[in-house]
Amino acid sequence: MLINYVRRGEGKPLLLVHGLGSSWRSWQTIMEPLAAKRSVVAIDLPGFGKSPPLAGEVSLKTLSNAITQFLQEHDLVGTDAVGSSMGARLVLELARRGGVVGSVVSLDPGGFWAGWERHVFHTSFWLSVRMVRALQFAMPLIATQARLRALLLAPFSARPDALAPSLVLEEMRGYATAPWFDGVLNDLVRASPPQGIAPGSLTKPLVIGWGRLDRLCFPRQAVRAQQAFPDARLHWFERCGHFPHWDAPEETARLILETTAD
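Residues numbered from 1 in each chain as written. Predicted model: local features only at pLDDT ≥ 70, side-chain atom pairs only at ≥ 80, totals over all residues. Heavy atoms only, no water.

(A) Examining the packing of helix 4 (residues 116-134) against helix 8 (residues 181-190) more closely. Axis separation between helix 4 and helix 8 bottoms out at 10 Å; the angle between their running directions is 170 degrees. As the angle between them shows, helix 4 and helix 8 are arranged roughly antiparallel. On helix 8, the residues that touch Arg118, Phe121, His122, Phe125, Trp126, Val129, Arg130 and Arg133 of helix 4 are Phe181, Asp182, Leu185, Asn186, Leu188, Val189 and Arg190. Of the residues belonging to the contact of helix 4 with helix 8, the class tally is eight nonpolar, two polar and five charged. (Axes fitted to C-alpha atoms, helices over the stretch in contact; angles between N-to-C directions. Helix = DSSP H or I, 4+ residues; strand = E, 2+ residues; numbered from the N terminus. Parallel < 35°, antiparallel > 145°, perpendicular 65-115°, else oblique. Contact = heavy atoms within 4.5 Å. Nonpolar A, V, L, I, M, F, W, Y, C, P; charged D, E, K, R; others polar.)

(B) How the structure looks around helix 2 (residues 60-73). Taking 1.5 Å per residue as the helical rise, helix 2 with its 14 residues ought to reach 20 Å, and the 20 Å between its terminal C-alpha atoms agrees with that figure. Looking only at helix 2, the buried set comprises Leu60, Thr62, Leu63, Ser64, Ala66, Ile67, Thr68, Phe70 and Leu71. Buried residues in helix 2 make contact with strand 1 (5-8), strand 2 (13-17), strand 3 (39-43), helix 3 (86-97), strand 5 (101-107) and helix 8. (Expected span 1.5 Å × (residues − 1). Buried < 20%, exposed > 50% of the residue type's maximum accessible area, 1.4 Å probe, protein only.)

(C) Broad picture of helix 4. An ideal rise of 1.5 Å per residue puts 27 Å on 19 residues; helix 4 measures up with 27 Å between its terminal C-alpha atoms. Considered for burial, the residues of helix 4 that qualify are Glu117, Phe121, Phe125, Ser128, Val129 and Val132. All buried residues of helix 4 project into a common sector of 95 degrees when viewed along the axis, lining one side. Of the exposed residues in helix 4, those oriented more than 90 degrees away from the buried face are Trp116, His119 and Ala134. (Arc of directions from axis to C-beta.)

(D) Spatial organisation of the pattern of salt bridges. Evaluation of the coordinates by the stated rule reveals ten salt bridges. The salt bridge partner of arginine 224 is glutamate 117, with a shortest N-O separation of 2.6 Å. Taken together, the residues arginine 224 in helix 9 (residues 221-228) and glutamate 117 in helix 4 connect sequence positions 107 residues apart. A salt bridge links glutamate 238 to arginine 212, with the shortest nitrogen-to-oxygen separation between them at 3.1 Å. Taken together, the residues glutamate 238 in the loop between strand 7 (233-237) and helix 10 (244-247) and arginine 212 in the loop between strand 6 (206-211) and helix 9 connect sequence positions 26 residues apart. We classify glutamate 238 as partly exposed; its relative accessible area is 40%. Each of the salt bridges in this network shares a partner with another, and the network as a whole consists of Lys12, Arg38 and Asp80. (Salt bridge = Lys/Arg side-chain N within 4 Å of Asp/Glu carboxyl O.)

Keep in mind these values describe shape, not function.
Structure below.
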């Protein structure tokens, strides 16, 4: 199986799993501090970034299985893992399976919505991506303008005007061109709530991080996530949106390193 990945730094391995539409480049804001302490392995999920789609079913299950196979092929089973958004849900699933990953940091995982929250997520993401696709011709200019970045990325970041134009451009190109974007979005929205785990089942630390200003996965969903994973510790990112590693990179890197220190 072909999964594109980059490796930075030396030491104990640390897996990074991006969110819907993104690529490994979404982690650029925290790659340097993490790579100073760990051997960071940041992947492009199948159908995203430079990883080709897999044959067959397009689903969260397929992606979870693909990550597991990647870890097996690269002798990384049991590696500490960090996920963002959809990737955060995937690393929770791997933690639930037991033995696949080590310590886990799950940042604003999708799927813990109830009722109308599911539709808000779908509509917000769907409209944002349709706009991004329609504006691809102007994206290099939009990425350099702080006010335009703020309008475009308001659902994802509490401080989009402060983001690097290069990061914004990479992210928006990924949303527009990822062949599995629509299929995975539909599966994410239609899927049953994430399965949890019984108290006392975890053998490694699990932290669920949530932005207080998340406009895609509302903060109230953090309580449901912790109920599903009762042994997890909940960490709140103040003044952060859906991507804490964008809005509070220093705090996010510190949380990851502290959680996965053992």
